[in-house]
Amino acid sequence: EGLVDRVEVVSRGNDESVGVPLDRTFRPDVVIHNHPEGSLQPSAQDVLMSSRIAGHGVGFFIVDNQVSRVYVVVEPVTDRAPTPLDTGGLQVLAGPDGPFKKADPAFEDREGQREMIGLVCEAFNNQNTLLVEAGTGIGKSLAYLLPAVHWALQNGEKVVVSTNTINLQEQLLHKDLPHLLRTLGLEASYVLMKGRGNYLCLNRFNEARQELSTLIEDEEVGQFNAIEGWLRTAGEASLSDLPFTPDWNLWEKINAQAGTCLGGGCRFFGDCPLNRVRRRAARAHVIVTNHHYLLADAQLGP
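What counts and what doesn't
Residues numbered from 1 in each chain as written. Predicted model: local features only at pLDDT ≥ 70, side-chain atom pairs only at ≥ 80, totals over all residues. Heavy atoms only, no water. Helix = DSSP H or I, 4+ residues; strand = E, 2+ residues; numbered from the N terminus. Pairing = 2+ DSSP bridges. Axes fitted to C-alpha atoms, helices over the stretch in contact; angles between N-to-C directions. Buried < 20%, exposed > 50% of the residue type's maximum accessible area, 1.4 Å probe, protein only. Arc of directions from axis to C-beta. Contact = heavy atoms within 4.5 Å. Phe/Tyr/Trp six-rings, centres within 6.5 Å; stacked < 30°, edge-to-face > 60°. Salt bridge = Lys/Arg side-chain N within 4 Å of Asp/Glu carboxyl O.

Colleague: Tell me what's going on with the environment of Gly259, and back it up with residues and numbers.
Modeller: The topology assignment puts Gly259 in the loop between helix H10 (248-254) and helix H11 (273-283). Spatially, the C-alpha atoms of Gly259 and Phe61 are 36 Å apart, while their sequence positions differ by 198 residues.

Encoded structure:
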């Protein structure tokens, strides 16, 4: 009902400050911080901390010692029941009289595909883990994309599709997802997320251009100039978008790396290729990525 029903003391401080054990295991609905002097006005540090934990969906309250007054700095994010998928309805879409068959007479009605759609729907609806082993010709991509897209649209959530091969990523992005959305008349956004080393760093590239004779080898200058010309029309400015494969030593000097990233202090922050794709991912319904990037992200934590 949106009321605090259980309280656990997690941290004690001194007259000036108190720590918050914000890590992956600390997931309350709200942090309640007391101001002993009675003023509930949030300090600069209160605002900073509330902003940090808000990114994890955690609210922030300030109370007096008697807990008779409360100042809600950030509202907590309350759980809501998801809208379940209509399993039978989605299976019909992939059936002999469904829109995919009407759009393409060569579309095959596959019992195994419809069975897999049902299993994926059940996993989404019950928040379960599902492992499916299916042979060639079942139509696995449609069997998981159909429930995934509907789940994302119905519940305002993102679905991450992780693959092992670039070929499957290309198939999902340029064939399967566009065909599904076009056939069903749905509007959903999707984006490919790759590791940061796949994107050009504009700051490192500019530094290399200013120190061309020092940072770039003579045999790399031709490729460097070609990349500079390509940048004028590049979309994502990622490695796979280049019309040629650059020397790896050159790419390592100009790609995006965590150790050299200046974050919000970078003068190219607004035009950063990595930030652009991250902004698109923040709005996307479906994110396509690879297993390596997915597990690396999971290891870093939220």
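Colleague: Give me the lowdown on the sheet that holds strand S3 (residues 70-74), citing residues and values where you can.
Modeller: Strand order across the open sheet formed by three strands is S1-S2-S3, with mixed pairing between neighbours. Both edges of this open sheet fall to strand S1 (30-34) and S3, since each of them pairs with a single strand only. For this sheet, the mean inter-axis angle between neighbouring strands, taken without regard to orientation, is 25°. Across five bridges, the pairing between S1 and strand S2 (residues 59-63) is parallel. Along S2, the bridge assignment pairs His33 with Ile62.

Colleague: I'd love a proper account of helix H1 (residues 44-54), names of residues and values included.
Modeller: The α-helix advances 3.6 residues per turn, and as a result positions three or four apart in sequence lie on the same side. Considered for burial, the residues of H1 that qualify are Asp46, Met49, Ser50 and Ile53. Buried residues in H1, looked at end-on, bunch into an arc of 100°, giving them a common side. Buried residues in H1 make contact with S1, S2 and S3.

Colleague: Explain the pairing of strand S6 (residues 286-290) to me, using residue names and the numbers behind them.
Modeller: With four of its five residues buried, S6 lies for the most part within the structure. Bridge count for strand S4 (residues 159-163) against S6 is five bridges, and the pairing is parallel. Its bridge partner lying in S6, Val160 is registered against Ile287.

Colleague: Which residues make up the sheet that holds strand S5 (residues 190-192), and what values go with them?
Modeller: Pairing in this open sheet of three strands is parallel, and the strands run S4-S6-S5 from one edge to the other. Looking at which strands have only one partner, the edges of the open sheet turn out to be S4 and S5. Each strand of the sheet is rotated relative to its neighbour by a mean of 20°, with strand direction disregarded. For S5 and S6, the ladder comprises three bridges, and the chain directions are parallel. Within the sheet, the bridge partner assigned to Val191 lies in S6 and is Ile287. On top of the sheet, helix H5 (residues 140-155) reaches S4 and S6; it is set at about 150° to S4, its chief contact.

Colleague: Run through the packing of aromatic side chains, naming residues and quoting values.
Modeller: Throughout the structure, instances matching the rule amount to three aromatic pairs. With a centroid separation of 5.3 Å and 25° between ring planes, the pair formed by Phe124 and Trp151 is classed as stacked. Separated by 27 residues along the polypeptide, Phe124 in helix H4 (residues 111-126) and Trp151 in helix H5 bring together distant segments of the chain. By relative accessible area, Trp151 is classed as buried at 3%. Taking the centre distance of 4.5 Å and the plane angle of 10° together, the rings of Phe205 and Phe224 count as stacked. Note that Phe205 is positioned in helix H7 (residues 202-210) and Phe224 in helix H9 (residues 221-231), a separation of 19 residues in sequence. Overall, Phe205 belongs to the buried group, its relative accessible area being 3%. By relative accessible area, Phe224 is classed as buried at 0%.

Colleague: Go over the pattern of salt bridges with me, naming the residues and quoting the values.
Modeller: Under the criterion given, the structure shown has four salt bridges. The partner of Asp109 in a salt bridge is Arg114, and the shortest N-O contact between them spans 2.8 Å. Here Arg114 falls in the partly exposed class, since its relative accessible area comes to 24%. For Arg209, the salt bridge goes to Glu228, with nearest N and O atoms at 2.7 Å. Linking Arg209 in helix H7 with Glu228 in helix H9, this pair joins segments that are 19 residues apart in sequence. Look at Arg209 and you get partly exposed, because its relative accessible area is 38%.

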